[in-house]
Amino acid sequence: MFKNVRALMVALVALVVLLTACAPSTQSGSGNSGGSGNDGDKVTIQWWDSMTSDATQGAIQTIIADYEAAHPNVKIERTYISFADIKNKLLLGSVGNQMPDIVWLDNPDHQAFAAAGILADLTEPIKEWGQADKYYEGPWSSTMYDGKNYGVPIGSNNLALYYNKDMFEAKGLTPPTNWEELKEAAKQLTTKDVYGFAMTAVKTEEGTFQFLPLMYQSGSDIDNFNSEGTIEAATLVSDMVKNGYMSKEVINQKQSDTVVQFSTGKVAMMINGTWQIPLLKKEGKVNWGVVELPVNKQGGTILGGENWAITNASKNKDIAFDIIKFANEPERLKAFDQAAGRLPARSDLLQDPFWQDDKDLKVFADAMEVAKARAYGPEYPKISEAIQIMLQEVITGGKTPEQAVKEAGDKIDTILGK
């Protein structure tokens, strides 16, 4: 398995090199092997992340400034790399010796990079650190591969149902608690100017991220994808479009597009994440609320977030891990998660009044107990692509839910070696 994964990653690197050979470089790292160097008597640590919001970048700079103040012999050079590019940059860097010491990874990508040998095994330093039992199982599982640990969760998010309070009140409705109520509310709230429901079905990880909770709630999972539960979830999505309750254009809409439609009153309900709360509070033009996802056979939601990792190429792994420990000191981590609009991956921090006393944040905080990580191993990107194709075929009417789920399930079984 490991040899096959490594071969796959090498092939991907070759493809990326071919596709990006003529593209200008945006890397601002030091360019030395191992991603670190000397600035006088200082050790330079290269740090890559994909954070764009002012709040998150400010929180990151605070961590960097505080660490440098406490450790004058260390200089941290932070490089922003877009979410779309960071995977390719890591693949290219592993070939060209242009690797960072510290990198932030989207948690479903973590195992693939660990399997490819790009990430450092942190099992022993994390054991010595003694903080692993403070983290929720979902976020922590995304850092594990083949019984070893390759990172530490940074912060988490999950999905819930946002709704327009005024539209619900006008129809005498209460927020739906199950799928039947969801379908009825979508029907009643749909007008010529407003769609009753919206989710994201774009052909990226965002589409998979939004579909998987529906599958979980129907009693299915990746290892039994071609099953009645998955068909039921795909049928729910298909029927929403067929009945005119949801726009077919969701196949082109990212989660950031959906929240704009909701915040301007064009959509009555949407599935979306924790990180949208600051935007809705600041810029939303509607009276909104949020509740847990309506239940089908069972409840459930999905886990999102980022993880810390150290690359295998780093020549300063001890210092890099010390930075991670510093950033994860409880009060410092709490301040970061609050500023960055994230949920703590640590169960002790999530009990803080900041998350428990805010009725909207508490919906997401409570869901952390059941949020499921996409810890499906190094082949997950291929699995996700099969799900994205299935979802788009169902929404466009290209295939029935039964046909699309069966074809995706056959692909997934092959990927899993079943």
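Everything that follows concerns the structure shown earlier in this document.
Residues numbered from 1 in each chain as written. Predicted model: local features only at pLDDT ≥ 70, side-chain atom pairs only at ≥ 80, totals over all residues. Heavy atoms only, no water.

## Let's talk about the pairing of strand β4 (residues 102-106)
Then step 1. Of all five residues in β4, five are buried, a share of seventy percent or more.
Then step 2. The alternating pattern of β4 places Ile102, Trp104 and Asp106 on one face and Val103 and Leu105 on the opposite face, and all of these are buried.
Then step 3. With two bridges connecting them, strand β2 (residues 42-49) and β4 associate as parallel partners. Note on β4: the bridge partner recorded for Trp48 is Val103. (Buried < 20%, exposed > 50% of the residue type's maximum accessible area, 1.4 Å probe, protein only. Helix = DSSP H or I, 4+ residues; strand = E, 2+ residues; numbered from the N terminus. Pairing = 2+ DSSP bridges.)

## Notes on the packing of aromatic side chains
Then step 1. The tally for this structure, following the rule as stated, stands at 15 aromatic pairs.
Then step 2. Between the aromatic rings of Trp47 and Trp308, the centroid separation amounts to 5.3 Å while the plane-to-plane angle is 80°, which identifies the pairing as edge-to-face. Placement of the pair is Trp47 in strand β2 and Trp308 in strand β10 (residues 301-310), with a sequence separation of 261 residues.
Then step 3. Pairing Tyr162 with Phe364 gives two aromatic rings, centres 6.0 Å apart and planes at 45°, and the pair type is tilted. With a gap of 202 residues between them, Tyr162 in strand β7 (residues 152-164) and Phe364 in helix α16 (residues 359-367) connect regions that are remote in the sequence.
Then step 4. We classify Tyr162 as buried; its relative accessible area is 0%.
Then step 5. Following the ring pairs from residue to residue traces out a cluster consisting of Trp47, Trp104, Trp308 and Phe336.
Then step 6. Note that Arg332 overlies the ring of Phe326, its terminal NZ or CZ placed 3.7 Å from the centroid.
Then step 7. A cation sits over an aromatic face here: Lys372 above Tyr216, 5.6 Å from the ring centre. (Phe/Tyr/Trp six-rings, centres within 6.5 Å; stacked < 30°, edge-to-face > 60°. Lys NZ or Arg CZ within 6 Å of the ring centre and 35° of its normal.)

## Section: helix α18 (residues 401-415)
Then step 1. Look at α18: 21 Å from first C-alpha to last across 15 residues, which is about the 21 Å you get at 1.5 Å a residue.
Then step 2. Those residues of α18 lying buried are Pro401, Ala404, Val405, Ala408, Gly409 and Ile412. Taken down its axis, α18 places every buried residue within 130° of arc, on the same side.
Then step 3. Taken together, the buried residues of α18 touch α10 (228-242) and α17 (380-396).
Then step 4. One or two steps after α18, the chain reaches Gly417, where phi turns positive at roughly 75°. (Expected span 1.5 Å × (residues − 1). Arc of directions from axis to C-beta. Contact = heavy atoms within 4.5 Å.)

## Quick notes on unusual backbone geometry
Then step 1. Positive phi values are uncommon outside glycine, yet Asp146 reaches one of about 55°.
Then step 2. Here Asp146 is to be found in the loop between β5 (144-145) and β6 (148-149).
Then step 3. Overall, the relative accessible area of 66% leaves Asp146 in the exposed class.

## Overview of α10
Then step 1. End to end, α10 covers 20 Å across 15 residues, agreeing with the expected 21 Å (1.5 Å per residue, within 8%).
Then step 2. Listed in full, the buried residues belonging to α10 are Gly229, Thr230, Ile231, Ala233, Ala234, Leu236, Val237, Ser238, Met240 and Val241.
Then step 3. Close packing links the buried residues of α10 with α8 (179-189), α9 (205-217), α17 and α18.
Then step 4. Gly244 lies just past α10 and shows a positive phi near 80°.

## Some remarks on the pattern of salt bridges
Side chains that carry opposite charge are capable of pairing whenever their charged atoms lie near each other.
Then step 1. Here the structure, examined in full by the defined rule, presents 20 salt bridges.
Then step 2. The shortest N-O distance in the salt bridge between Lys203 and Glu385 comes to 3.9 Å. Of this pair, Lys203 sits in the loop between α8 and α9 while Glu385 sits in helix α17, placing them 182 residues apart in sequence.
Then step 3. With a shortest N-O distance of 2.5 Å, Glu329 and Arg332 are connected by a salt bridge.
Then step 4. On the basis of relative accessible area, Arg332 is assigned to the partly exposed category, the value being 23%.
Then step 5. Each of Glu331, Lys334 and Asp352 takes part in salt bridges that share partners, so that together they form one network. (Salt bridge = Lys/Arg side-chain N within 4 Å of Asp/Glu carboxyl O.)

So far we have only geometry, and geometry alone does not tell us how the molecule works.
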